[in-house]
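Architecture and fold: a report
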Amino acid sequence: NGEFVYIKWVDSYGVLSGWTDLSGYNPNLLFIESVGKIISNNDDVVALAHNYSDETDNTPEQANGIMVIPKKSIVEIISFSSYLQLASKQMQQQL
């Protein structure tokens, strides 16, 4: 918990209004990219806060814009610390 991450995941979509001609209907996967701080992580879901504030003397720990993503829908998770390490290595190799 507490890591800042990028998550790529598959979402559902639909609910077209009116009648739909099915002769050319070809649905595809809808990939979503989300960035935030993991505030909860269990066997089934990851809860990601898009806005986060640590506890202070005047306020409790708080989050806003919380997205709960089923783990079965997650394609990729990249932590910012891992990304920064990789980017740093690549920059050093270029020098």
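Let me begin by describing the structure that accompanies this report.

Cut-offs applied
- Residues numbered from 1 in each chain as written.
- Predicted model: local features only at pLDDT ≥ 70, side-chain atom pairs only at ≥ 80, totals over all residues.
- Heavy atoms only, no water.
- Pairing = 2+ DSSP bridges.
- Helix = DSSP H or I, 4+ residues; strand = E, 2+ residues; numbered from the N terminus.
- Buried < 20%, exposed > 50% of the residue type's maximum accessible area, 1.4 Å probe, protein only.
- Contact = heavy atoms within 4.5 Å.

Looking down a regular strand, the side chains alternate between one sheet face and the other. Examined bridge by bridge, strand E1 (residues 4-11) and strand E2 (residues 30-41) share eight bridges and lie antiparallel to one another. Bridged to Phe 4 within E2 is Lys 37. Note that E2 and strand E3 (residues 45-53) share four bridges and pair antiparallel. Along E3, the bridge assignment pairs Lys 37 with Ala 49. The antiparallel pairing of E2 with E3 creates a hairpin that spans three residues between the two strands.

Residue position: Gln 62 is located in strand E4 (residues 62-70). Judged by relative accessible area, Gln 62 falls into the partly exposed class, the value being 39%. Taking the C-alpha atoms as reference points, Gln 62 and Asn 51, separated by eleven residues in sequence, lie 8.4 Å from one another. Contact partners of Gln 62, with chain neighbours within four places excluded, come to Asn 51, Tyr 52 and Ser 53.

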